[in-house]
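# Summary of the model geometry
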Amino acid sequence: MTDRANSSTSATNWRKPIPLATDVLEKPARMLPRMKLEELATVMCLTFAILEFYFPIGIVLMLFLCLYIAVVHGDFIYRSYLTLNRDLTGLALIIDVKIDLWWRLHQNKGIHELFLDIVRNNPNKPAMIDIEKGTTETFEEFNAHCNRYANYFQGLGYRSGDVVALYMENSVEFVAAWMGLAKIGVVTAWINSNLKREQLVHCITASKTKAIITSVTLQNVLMDAIEEKLFRVDGIDVYSMGEPKKNSGFKNLQNKLNVQKTTEPKTLDTIDFKSILCFIYTSGTTGMPKAAVMKHFRYYSIAVGAAKSFKIRSSDRMYVSMPIYHTAAGIIGVGQALLGGSSCVIRKKFSASNFWRDCVKYECTVSQYIGEICRYLLAQPVVEEESRHIMRLLVGNGLRAEIWQPFVDRFRVRIGELYGSTEGTSSLVNIDGHVGACGFLPISPLTKKMHPVRLIKVDDVTGEAIRTAGGLCIACNPGESGAMVSTIRKNNPLLQFEGYLNKKETNKKIIRDVFAKGDSCFLTGDLLHWDRLGYVYFKDRTGDTFRWKGENVSTTEVEAILHPITGLSDATVYGVEVPAREGRVGMASVVRAVSSEENETQFVERVGARLSSSLTSYAIPQFIRICQDVEKTGTFKLVKTNLQRLGIMDTPSDSIYIFNSENRNFVPFDNDLRCKVSLGSYPF
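Residues numbered from 1 in each chain as written. Predicted model: local features only at pLDDT ≥ 70, side-chain atom pairs only at ≥ 80, totals over all residues. Heavy atoms only, no water.

Turning to a nonpolar patch on the surface, a few remarks are in order. Taken together, the side chains of Phe53, Tyr54, Ile57 and Leu61 make up a nonpolar region of the molecular surface, amounting to roughly 460 Å² of accessible area. Relative to the assigned elements, isoleucine 57 resides in helix α4 (residues 55-82). (Patch = residues over 30% accessible without salt bridge, like charges linked within 9 Å, V, L, I, M, F, W, Y side chains within 5 Å. Areas by Shrake-Rupley, 256 points an atom, 1.4 Å probe, with all protein chains shown as cover. Salt bridge = Lys/Arg side-chain N within 4 Å of Asp/Glu carboxyl O. Helix = DSSP H or I, 4+ residues; strand = E, 2+ residues; numbered from the N terminus.)

Rendered as structure tokens:
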């Protein structure tokens, strides 16, 4: 999970379904009338009654009834038989997780208290290993590290409900900061360390933080936003984890922590399982990144749910190289140490060339992935460490079906694919390693009602839910595609939708009158395909978001950077598919103002400079299409479907430019570059 834990899984499996032995029954079954369950039960009772009094006639009727059931329901019975073991295992998993969560809700201990139980049981066991710093902290030492943060900020008067923003790279320091502050009830805002300028300012101000903690390297980016007067830090304490930049006004937090007590902080406020733990930012479907509210029990359910689903043990060593400001690394990864007693090895940034070397050196047994890093690892030359590692499991999302089996065969690991979102109420897990699937939903009408996740039919163009004449949504059947929704129940803490700090944004993610009048569900914004055996595959994204390099990119966020540019009369941003790449690459179709005095090349260079200075690398559109006009609806909403369908294809009236990462600007998309993109060799 991720910010949002969404997949870019290939469509190969669901577009080419596996043939089944019962496929021959499809045509005859359509020719026969389909009885309702109660009607079939009535006919069966009558047949048994006739059998007792008129045996020959009863036998004939029984044979016809068996033939009817075999033809009409044989396919479903056969599919249920094939998936029985998986569905029962999944049902047992759901029950196990729910019992565990209800017990924790009854205990009502916060994450920090559960962590202390782990510390008491494993005081001298390695807890956190920081590769860049070359340090190893036992659980007892790491807890003392956390307490320094707690005691310092408690001494300044920080109390439960106050907010501190963490703008730091992957490090043990990041984890110690939020865990220490959680002990005194302070909510931490996990800021994406790739953000700068407008996006960075938005995330900081949206959290209403009282303090900012940043690293020595990132303080320059923060200073840039302040010097550009994008926001003011009046009343906000800004700390650097080292020597502050001259004349910045920042405080050296490291020096202050070094003299703090390592004992447990005083208990001044009630902090329990239902308290707010942190804000994790997700791009969502519209606008700037949104702060999703993460409570203690939600953190616990994600971390422990993943551990139970994929059998992550306390004896494991978790290798974390994905950004820990996201759900996947910050909860599924780090959470195994904090709540399960595993050891955690943290690398500042993912490195394909060092991945297996690190895993061997630090004896890692579990890691996490996004589909993109699996492709990077497969593209690496074979190294000695591949045959020496003891890695047994990789947990994550977005592994393409085309490289799934080659990846497993080459690296001898098990894949634990999952699907979910930071703010959602439920998730899917692929517990049996079915290639290409991000999870499964039971196909039985009895068991599927016990599962809080369903798929509903939506309009392919607008993404809006299709409803019946009675105003309810239409549930998908196996073999169909639709949008995933997960149940919201206010009286059930496990199915409550906490949403975002911005309540208007929260309401946008709730769909009402779904399966019954008055009910409500969380709408993920993704299209999934549910195959005949119940396996679920990621198909596409709806709304105004696409996924590139493992990150969610909000098109409206990018458009907001483009629209103020002088000489630009209109712009729309969307994701398009390119060969041999996961997800969708960003493309901006822009219309130049008629009165513009500069030539097209100068205009594109200026647009490129604006995008490069304001956006993170993964959010920068990799293509620009210069159009005569962009299509709009009657209500002046931009229509992107035709442009998405066109993709990177050339047209006589348009010019296309591609982003060159070396000079950080756009160049004409000529035939040579088009060939490189087609072959998958262009360095996006």
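Helix α12 (residues 296-310) packs onto helix α5 (residues 84-107) with a crossing angle of 145° between their chain directions and a minimal axis gap of 10 Å. Relative to α12, α5 is oriented so that their crossing is right-handed. On the side of α5, the interface is formed by Leu93, Asp96, Val97, Asp100, Leu101 and Arg104, while α12 contributes Phe297, Tyr300, Ser301, Val304, Gly305, Lys308 and Ser309. For the contact of α5 with α12, the class distribution of residues is six nonpolar, three polar and four charged. (Axes fitted to C-alpha atoms, helices over the stretch in contact; angles between N-to-C directions. Left-handed = near helix turned anticlockwise from the far one by under 90°. Contact = heavy atoms within 4.5 Å. Nonpolar A, V, L, I, M, F, W, Y, C, P; charged D, E, K, R; others polar.)

Our next topic: the sheet that holds strand β6 (residues 211-214). Judged by pairing direction, the sheet is mixed, and its seven strands sit side by side in the order β8-β7-β6-β4-β5-β9-β10 without closing on themselves. A strand with exactly one partner marks an edge of an open sheet, and here the two such strands are β8 (251-252) and β10 (290-295). Here four bridges tie β6 to strand β7 (residues 237-240), and the two strands are oriented parallel to one another. Within the sheet, the bridge partner assigned to threonine 214 lies in β7 and is serine 240. Packed on one face of the sheet, helix α7 (residues 139-155) meets β4 (163-167), β6 and β7 and runs near 150° to β6. With respect to the sheet, α12 is in contact with β5 (187-190), β9 (276-282) and β10, its orientation differing from that of β10 by roughly 85°. (Pairing = 2+ DSSP bridges.)

To continue, consider helix α8 (residues 172-182). The buried fraction of α8 is high, at eleven of eleven residues. For α8, the set of buried residues is Val172, Glu173, Phe174, Val175, Ala176, Ala177, Trp178, Met179, Gly180, Leu181 and Ala182. (Buried < 20%, exposed > 50% of the residue type's maximum accessible area, 1.4 Å probe, protein only.)

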